[in-house]
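Coordinates in review
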Amino acid sequence: MINKLVSSAKEAVSDIFDGATIMISGFGEAGSPIELIHALIDQGAKELTIVSNNTGSGEVGLAALIAHKRVNKMICSFPRTANSTVFPELFQKGEIELELVPQGTLAERIRAGGAGIPAFFTPTSVGTPLAQDKESREFDNSTYVMEKAIKADFAFVKAKSADRYGNLIYNKTARNFGPIMCTAAKTTIVQVQNFVELGDLDPECIVTPGIFVQRVVLVKNPADESRLIAENRRYPW
Amino acid sequence: MVEKTEVKGWSTDEMAQKVAFDIPDGAYVNLGIGIPELVAGLVPEGREVIYHTENGLLGMGNSPEKGKEDPELINAGKKAVTAIPGACYFHHADSFTMIRGKHIDVCVLGALQVAENGDLANWSTGEVGAIPAVGGAMDLVAGVKTIYVITRHTTKTGESKIVKQCSYPLTGKGVVNRIYTNLAIIDVREEGLFVKEMAPGVSFSYLQTQTEAQLNQ
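Throughout what follows, the structure given in this document is the object of discussion.

1. Overview of the interface of chain A and chain B
Contacts between the two partners involve 41 residues from chain A and, on the opposite side, 32 residues from chain B. It is helix α5 (residues 103–115) of chain A that provides the largest number of residues to the side of chain A that touches chain B, a total of six residues.

2. Things to note about the nonpolar core
Of all hydrophobic cores here, the largest spans 131 residues; its most connected members are Met23, Leu36, Ala155 and Met181 of chain A together with Val149 of chain B. With seven residues, the top contributor of residues to this core is strand β9 (residues 152–162) of chain A. Every residue in contact with Met23 of chain A, bar those within four places of it in the chain, is listed here: Val51, Ile110, Ala152, Ala155, Met181, Ala184 and Ala185 of chain A.

3. As for α5 of chain A
The terminal C-alpha atoms of α5 of chain A lie 18 Å apart, and with 13 residues this matches the ideal 18 Å at 1.5 Å per residue to within 8%. Among the 13 residues that make up α5 of chain A, 12 are buried, leaving the element largely enclosed by the rest of the structure. Taken together, the buried positions of α5 of chain A are occupied by Gln103, Gly104, Thr105, Leu106, Ala107, Glu108, Arg109, Ile110, Arg111, Ala112, Gly113 and Gly114 of chain A. Looking at the buried residues of α5 of chain A, the elements they touch are β2 (21–24), β6 (119–122), β8 (142–148) and α6 (178–184) of chain A together with α2 (92–100) and α3 (137–143) of chain B.

4. Some details on the packing of α5 of chain A against α2 of chain B
Relative to each other, α5 of chain A and α2 of chain B sit at 125 degrees, their axes nearing to 9 Å. Of the possible angle classes, the one that applies to α5 of chain A and α2 of chain B is oblique. Helix-helix and strand crossings are classified by hand; for α5 of chain A and α2 of chain B the assignment is left-handed. In this structure, α5 of chain A uses Gln103, Gly104, Ala107, Glu108 and Arg111 of chain A to contact α2 of chain B, whose residues at the interface are His92, Ala93, Phe96, Ile99 and Arg100 of chain B. Across the contact of α5 of chain A with α2 of chain B, the residue classes break down as four nonpolar, three polar and three charged.

Basis of the calculations
In this numbering scheme, every chain counts its residues from 1 along its sequence in written order. Here every chain gets a letter starting at A, and every ligand a number starting at 1, in the order they are written. With pLDDT at 70 or above as the cut-off, local features in this predicted model cover only qualifying residues; side-chain atom pairs require 80 or more to be listed or tallied, and sums for whole chains, interfaces and linings still use all residues. It is the C-beta atoms, placed from the backbone, that decide contacts: two residues are in contact if theirs lie within 7 Å. Labels follow the DSSP assignment, with helices taken as runs of H or I lasting at least four residues and strands as runs of E lasting at least two, numbered in each case from the N terminus. Nonpolar cores are built from buried Ala, Val, Leu, Ile, Met, Phe, Trp, Tyr and Cys residues. These are joined into a set through C-beta atoms within 7 Å. Counting other C-beta atoms within 10 Å of its own, a residue is labelled buried from 20 upward, exposed at 12 or fewer, and partly exposed in the gap between, with every C-beta atom placed from the backbone. Expected span of a helix, by definition, is 1.5 Å for each gap between consecutive residues, and there is one gap fewer than residues. Think of each axis as a best-fit line through the C-alpha atoms, taken over the contacting stretch in the case of a helix, with angles from 0 to 180 degrees between the N-to-C directions. What sets the label is the angle itself: under 35 degrees gives roughly parallel, over 145 gives roughly antiparallel, 65 to 115 gives roughly perpendicular, and the rest give oblique. In a left-handed crossing the near helix is turned counterclockwise from the far helix by less than a right angle, and in a right-handed crossing that turn is clockwise. For this classification, the nonpolar set comprises Ala, Val, Leu, Ile, Met, Phe, Trp, Tyr, Cys and Pro, the charged set comprises Asp, Glu, Lys and Arg, and every other residue, Gly included, is treated as polar.

No statement about biological role is implied by the geometric values presented.
So this is what it looks like as structure tokens:
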């Protein structure tokens, strides 16, 4: 029998190894799987490469993982946001590496990774510092830069509901990077608010087919990141 | 000695109104963070415009009432928004397919500098030690059909933002179609910069003194 539900976030992240590349969903706090990240902080894996649009806020979630010096390198499009202090401080001290990627290129590199496409050409960033040292080519009299796919050992994703096959639906703009990250990791771990029976999710409306998901963790009441930050909370509590 | 008088020109709202007037009925539009966001409230009556936000929503509505904010319904500036009837959500690769596949009609962005050949710099001053962050700006200028820049004509210290050549790192090469400043509306054409309209009290010669790049009438 297939049942991708695991009993806890702790169990779901138990085999993450030092040096792993992990994709983490979210655009700011929308779609950020805070409980999975906190379980990873407890688990202790280090020297990680994290692929995520931002670098977290305050000292919870991704920002807490970075504050605990578990991350060697961030691959992201926008490493500073409101209340984001942890990454900027470490970056300015030279203690964390940054690969800055235009947001659409980041999404497409992840999509390509999930689709078995090793690289692609795009006009985004041509003539800018972010295209330096990258191969470029002319198509129909325009210049395009080559970008390589990104794949990961693990993906952490927040969704709204899952069934035991790992089929997923999301909530509003918290969907963002989740569906593509699910496709691009060897092991995709998803935290959901609802675990439903097979058949409860309309097959016409399933956003992520279960084939892209390996583990599902039920987190009925996920933390509200902005509230934690407003309360000055830090993980571990 | 004659004191050089500074002409204020259009207010920020008036600049945004000029942009809004140029957005056609039925357009799909992406508005940058900050001043460009004002444009949404100023589109003339009778036009239906659909707003795209690159974090995965087509059909973005107004800000929610106080107390009705949903942390999972936000715009690219990470502010709470609403979704209009007929709106849809999608993931990031689809969102940037809309942008990079040239499906979005108009994008309105701010600028640090615009050059006379349409080069845009709006993401970094290249300052040593600054945290570089690019977001979706490079994708938008590379993929959206029409790029409008809305910006004050000069910096706080009086330097021209419309320059012969950008000194800041580029966002895109030859991408800007039209510039809306507090002093004028300027079209970017292959032959150079052409003044389309000037704010009340602005003369062409005054405008040129405020502009590093060569202007044409």
